[in-house]
Amino acid sequence: MASLDNTSFSAALKTIYPDKVVQNLVYKNNPLFAMLNKYEKFGGDQLKQPLIYGDPQGRSATFSYAQSNQAPSALKAFFLTRVRDYATASIANETLKASEGNENAFLEAAELEINGALHSISRSLAIALYRNGSGSIGRLANTAFATHTWTLVNADDITNFEINQAIVVSGTDGGGTVRTGVGYIVAIDRDLGTFQCSATNGGAAANIDTLIPAVAASDYIFIQGDYGLKASGLDAWLVPSSALTATPFFGVDRTSDKTRLAGVVQDGRAKPIEEAIIDLVTRVNREGGRPDTFFCDHTDWANLEKALGSKVQYVDVKPNYDLSFAFKGIAMNTPHGIVKVLADVNATSGWGYALQMDTWRLNSLGKAPTLFDTDGLTFLRQASADGVELRVYSYHQLGCSAPGWNGKVQLR
């Protein structure tokens, strides 16, 4: 009697996981990720993203000056490079064999790990789409470290942490090195924004300074292997003028026109949330942008809903592809039309992003993410274990054709 092998099992998986099913798994709880335009043919070494940020200057009421002061259009080009992300999972061969003759149980075991791997990598990518490329997912609030309890500066960042993650820390949010030592998360308190770590996966909780001897106050926290290797998200493209330097960003010195090359960034903490949003959108309008979607975390979305009270208007927002779900948004009237406000668990806590969506694109080499099946097999035999392994990967980078037509605001 022939047994179920990797080849026949892979064929079954391909039936269960068509593109639409994968899209639903990946996008359903990640609004920005879902709403972004996608380009899936990012081959070669780089992708050139041209940008016009100034008109030709040869104009004057006096012809001689118009002629003598001619200057060409101001153009720059971002040369985007891909980053990589991976998720793997394994299933013991005994588990597969024990379910022979019971197709539903067999496929449920596989689906559990495949869905989990897809969810893990999609959350990783979705979080990175908001952040600055460093890979940080939170910041340490502790000033004393002879304790099992890691406390986050912003408790809302706890949504980025999961049991069994391997984490490291650094004193710099990119551009430096990680400190020696690693902790494996063994307990999480999502109400308090705290967690505990062990020296081994699934071991007993240990003091922070035992796990990472050189840990310091306000250290940034990273998944092991992520430091400096994530996509350049909104926080990398939209940067306060005061923080910009001449250091090239994808080959571009953005100091020549900070707003048009690095967006509009405002501090709205002293204003009611609805005013902070309208003021940001109006400021971007002044620069020629027409933001249509505003993203924030659930806390700020709820604050806006409560602030608007009986004046709140809701809108269903569907991604630009055929899916069977929509995101619930708040419709805000602005000087240049309706802006849809969406809550995204991945958004940088305390910040809001007013985006003109047709200026943004997620560029990837193939679908982002995708199941590894280049050799025709979704599952690979493990070389040194009695089991099989599945792999999910993504090669991608976020691009923007007009940073100055977008903005972000600090809300709290």
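Residues numbered from 1 in each chain as written. Predicted model: local features only at pLDDT ≥ 70, side-chain atom pairs only at ≥ 80, totals over all residues. Heavy atoms only, no water.

Topic: the packing of aromatic side chains
Applied cut-off: Only Phe, Tyr and Trp rings take part, Trp by its six-membered ring, and two of them pair if their centres are within 6.5 Å. Stacked means planes under 30 degrees apart, edge-to-face means over 60, and tilted covers everything else. Labels follow the DSSP assignment, with helices taken as runs of H or I lasting at least four residues and strands as runs of E lasting at least two, numbered in each case from the N terminus. With a 1.4 Å probe rolled over the protein chains alone, any residue whose accessible area is under 20% of its type maximum counts as buried; one over 50% counts as exposed, and the rest are partly exposed. Cation placement over rings: the criterion is NZ of Lys or CZ of Arg within 6 Å of the ring centroid and within 35° of the ring normal.
Applying the stated rule across the entire model yields 13 aromatic pairs. Both rings, one in F78 and one in F249, keep their centres 6.0 Å apart while their planes meet at 75°; by these two values the pair is edge-to-face. Of the two residues, F78 is situated in strand 3 (residues 74-80) and F249 in the loop between helix 8 (234-237) and helix 9 (258-262); the sequence distance between them amounts to 171 residues. F249 matches F78 in its accessibility class, with the two residues each being buried. Ring geometry for W150 and F195: centres 5.3 Å apart, planes at 20°, overall stacked. Placement of the pair is W150 in strand 6 (residues 149-151) and F195 in strand 9 (residues 194-198), with a sequence separation of 45 residues. Judged by relative accessible area, which is 0%, W150 ranks as buried. Taking the relative accessible area as the measure of exposure, F195 reaches 1% and is therefore buried. By way of ring pairs, the aromatic residues F78, W237, F249, F250 and W360 are connected into one cluster. Its guanidinium or amino end placed over the ring of F249, R254 lies 4.0 Å from that ring's centre, counting from NZ or CZ. Sitting over the ring of Y39, R361 keeps its end group 4.5 Å from the ring centre.

Some remarks on the layout of surface pockets
Selection criterion: The method works on a 1 Å grid over the protein atoms by themselves. A cavity is a set of points holding a 1.4 Å probe that cannot get out, a pocket is an open set with protein on both sides within 12 Å along at least five of seven lines, and residues with an atom within 4 Å of a point line them. Grid points are joined across faces, edges and corners, and a volume is the space filled by probe spheres set on the points. Amino acid classes used here: Ala, Val, Leu, Ile, Met, Phe, Trp, Tyr, Cys and Pro are nonpolar; Asp, Glu, Lys and Arg are charged; the rest, including Gly, are polar.
Looking at the largest pocket, its volume works out to about 810 Å³. In this structure, the largest pocket is lined by 34 residues; those nearest its centre are S120, S124, Q165, I223 and D226. Of all the secondary-structure elements, those providing two or more residues to the lining of the largest pocket are strand 4 (83-92), helix 6 (103-128) and strand 5 (136-139). The greatest single-element share of the lining of the largest pocket, amounting to eight residues, is contributed by helix 6. Its residues assigned to classes, the lining of the largest pocket comprises twelve nonpolar, 14 polar and eight charged. Roughly 640 Å³ of internal volume is contained in the second largest pocket. Around the second largest pocket, the lining comprises 22 residues; the ones closest to its centre are D173, Y220, D235, T348 and W351. Of all the elements in the fold, those that place two or more residues in the lining of the second largest pocket are strand 5, strand 16 (351-355) and strand 21 (407-410).

Examining the side chain of D219
The condition that has to hold: What qualifies as a polar contact is a pair of N or O atoms within 3.5 Å, subject to a donor-acceptor requirement within protein and to the restriction that residues adjacent in sequence count only when both atoms come from side chains. We call two residues in contact when some of their heavy atoms are within 4.5 Å.
By secondary structure assignment, the location of D219 is in the loop between helix 7 (208-211) and strand 10 (220-223). There is a polar contact of 3.0 Å between the side chain of D219 and the backbone nitrogen of A216. When sequence neighbours within four positions are dropped, the list of residues in contact with D219 reads R139, L140, V169, S170, G171 and R179.

Looking at the sheet that holds strand 10
Remark on secondary structure: sheet strands pair via backbone hydrogen bonds, oriented parallel or antiparallel. Using the following cut-off: Think of it this way: DSSP has to see at least two bridges between two strands before they count as a pair. Under this scheme, a helix contributes an axis fitted over its contacting stretch, all axes are lines through C-alpha atoms, and angles between N-to-C directions fall in the 0 to 180 degree range.
Across the sheet, six strands lie side by side as 5-10-7-8-9-6; this open sheet has antiparallel pairing. Whereas interior strands pair on both sides, the edge strands pair on one side only; in this sheet they are strand 5 and strand 6. Pairwise comparison of adjacent strand axes, ignoring direction, gives a mean angle of 45° for this sheet. In this structure, strand 6 lies alongside strand 9, joined through three bridges in antiparallel fashion. Residue pairing across strands places T151 opposite T194, the latter belonging to strand 9.

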